[in-house]
Amino acid sequence: MANLKEIRNRITSVSSTMQITSAMKMVSAAKLKKAQDAITAMRPYAEKLTELLQNLSATLEGEVGGDYTTQREVKKVLLVAITSNRGLCGAFNTNVIKEIKNRTAFYAGKQVDVFAIGKKGNDVLSKTHKVHGHHNAIFDHLTFENVAGIADNLTEKFLSGEYDRIELIYNQFKNAATQIVQTEQFLPLAPIKSEVPVSAGDYIFEPSKEEIVLTLIPKSLKTQLYKGIRDSFASEHGARMTAMHKATDNATELRNQLKLTYNKARQAAITNEILEIVGGAEALNG
């Protein structure tokens, strides 16, 4: 059994760790509220934009997506991995990296490159994949304008023929304890079909419906990427808050066990001292 000093040192160390994890949990909880409000407020806009695009496309004949819907033979694939810049968030980053490896295996025999958004994904995937580009500072100023620049860059890679398919892989926010890894096709756009017949209606379009659709597509792509990054950002804080909550609970349990061990060791030491004193007294009397 460890001596009393060693146990006291371990109790102090665990208590310090518990204070740190508890503080990190509270910080993540505060950040989660803001990030959750942002993604919750954005989803109706993204869904309405998609609905508008579908309604307009459903009233048109033929291909209306232009180069954005061009289906080419898949030879070169770009996987966009959206992770975090910091760790201590459980399996948040690991799940995305694992899905990247699964998609790489799915496209076996084809050129698969990675575009990393987030430092953790870039650090790990650069050892096993060709990382074509990375953005680590986007989470410091997460705005639609900054994300739009990344979306334009990705779109240009597809339109120029550099890649035949681009996919987004990220954690979708469900709640603080649950994040779902999503794989979304970014480009080419899947054929837009409406399950419900849509009538043209008595509307005057200015400019034409075709021009409106071609204008909405780039905006829809930027919104899709922004929503993915926002989802990942909220998921990160939810995962970290949950991880730090569990770490705090584990530290509390370990500290209590150490205190119990310390008290038992201290009691045993006192008992031994008493026995030695009694034994010495009896020896003198004898």
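Each chain carries its own residue numbering, running from 1 in the direction its sequence is written. The model is predicted, so local features are restricted to residues of pLDDT at least 70 and side-chain atom pairs to those at 80 or more, both for listing and for counting; the totals for chains, interfaces and linings are taken over all residues. In computing side-chain values, all of the structure's heavy atoms are included and hydrogens and water are not.

1. Overview of the overall build of the chain
No. 1: Going along the chain from the N terminus, every DSSP run of H or I of four or more residues is numbered as a helix, and every run of E of two or more is numbered as a strand. Secondary structure summary: the chain contains five helices and five strands in total.
No. 2: Counting from the amino terminus, the chain carries its helices and strands in the arrangement α-β-α-β-α-β-α-β-β-α.
No. 3: Each radius of gyration reported is based on C-alpha atoms, and the globular scaling rule is 2.2 Å times the count of residues to the power 0.38. Here the C-alpha atoms of the chain give a radius of gyration of 29 Å, more than 25% beyond the 19 Å that 2.2 N^0.38 yields for 286 residues.
No. 4: In terms of principal-axis extent, the alpha carbons of the chain reach across some 115 × 45 × 30 Å.
No. 5: Relative accessibility under 20% of the residue-type maximum defines a buried residue, over 50% an exposed one, and the middle range a partly exposed one, all with a 1.4 Å probe and only protein chains included. Considering the chain as a whole, with its 286 residues, one finds that 38% of them fall into the buried category.
No. 6: Put simply, of all contacts in the chain between residues at least 6 apart along the chain, 79% involve residues at least 24 apart.
No. 7: Here, Shrake-Rupley sampling with a 1.4 Å probe gives the accessible areas, and only protein chains in the shown set may cover a residue. When the accessible surface of the chain is totalled, it reaches about 16100 Å², and 53% of it is carbon and sulfur.
No. 8: Charge counting treats Lys and Arg as positive and Asp and Glu as negative, with His and both chain ends excluded. The atom standing in for a charge is NZ when the residue is Lys, CZ when it is Arg, CG when it is Asp and CD when it is Glu. Seen as two clouds, the 36 positive and the 31 negative side-chain charges of the chain have centres 8 Å apart. Contacts are assigned to residue pairs with any non-hydrogen atoms lying within 4.5 Å of each other.

2. Section: a nonpolar patch on the surface
No. 1: Only residues whose relative accessible area exceeds 30% and that form no salt bridge enter a patch; like-charged residues are grouped when within 9 Å of one another, and nonpolar side chains (Val, Leu, Ile, Met, Phe, Trp, Tyr) when within 5 Å. Salt bridges are defined by distance alone: a side-chain nitrogen of Lys or Arg within 4 Å of a carboxyl oxygen of Asp or Glu. A grouping of Ile-270, Ile-274 and Val-278 is seen on the molecular surface, where their side chains present a nonpolar patch of about 240 Å² in accessible area.
No. 2: Tracing the sequence through the fold places Val-278 in helix H5 (residues 209-285).

3. Thoughts on the pattern of salt bridges
For side chains of opposite charge, pairing can occur when their charged atoms come near one another.
No. 1: Within this structure, the stated rule accounts for eight salt bridges.
No. 2: Between Lys-222 and Asp-152 there is a salt bridge, with its nearest N and O atoms 3.6 Å apart. Residue Lys-222 is found in helix H5, and its partner Asp-152 is found in helix H4 (residues 144-159); the two are separated by 70 residues along the sequence.
No. 3: Note on Lys-222: relative accessible area 22%, which makes it partly exposed.
No. 4: Judged by relative accessible area, which is 39%, Asp-152 ranks as partly exposed.
No. 5: In this structure, Glu-236 engages Arg-240 in a salt bridge whose closest nitrogen and oxygen atoms are separated by 3.1 Å. Pair noted here: Glu-236 and Arg-240 are both in helix H5, with a separation of four residues, about one helical turn. Here Glu-236 and Arg-240 have matching classes, each one buried.
No. 6: Among the ionic contacts, a cluster of salt bridges with common partners joins Arg-43, Lys-227 and Asp-231.

4. Considerations on the packing of aromatic side chains
No. 1: Paired rings are identified among Phe, Tyr and Trp, the last through its six-membered ring, by centres lying within 6.5 Å, and are further divided according to the angle between planes into stacked (under 30 degrees), edge-to-face (over 60) and tilted (the rest). For the structure shown, the criterion picks out three aromatic pairs.
No. 2: When the ring of Phe-106 is compared with that of Tyr-107, the centres are 5.0 Å apart and the planes differ by 85°; the resulting orientation is edge-to-face.
No. 3: On the basis of relative accessibility, which here comes to 4%, the residue Tyr-107 falls in the buried class.
No. 4: Definition used: whenever NZ (Lys) or CZ (Arg) falls within 6 Å of the ring centre and also within 35 degrees of the ring normal, the charge is taken to sit over that ring. The lysine or arginine in question, Arg-72, covers the ring of Phe-158, its NZ or CZ lying 4.4 Å from the ring centre.
No. 5: Its guanidinium or amino end placed over the ring of Phe-106, Arg-103 lies 4.6 Å from that ring's centre, counting from NZ or CZ.

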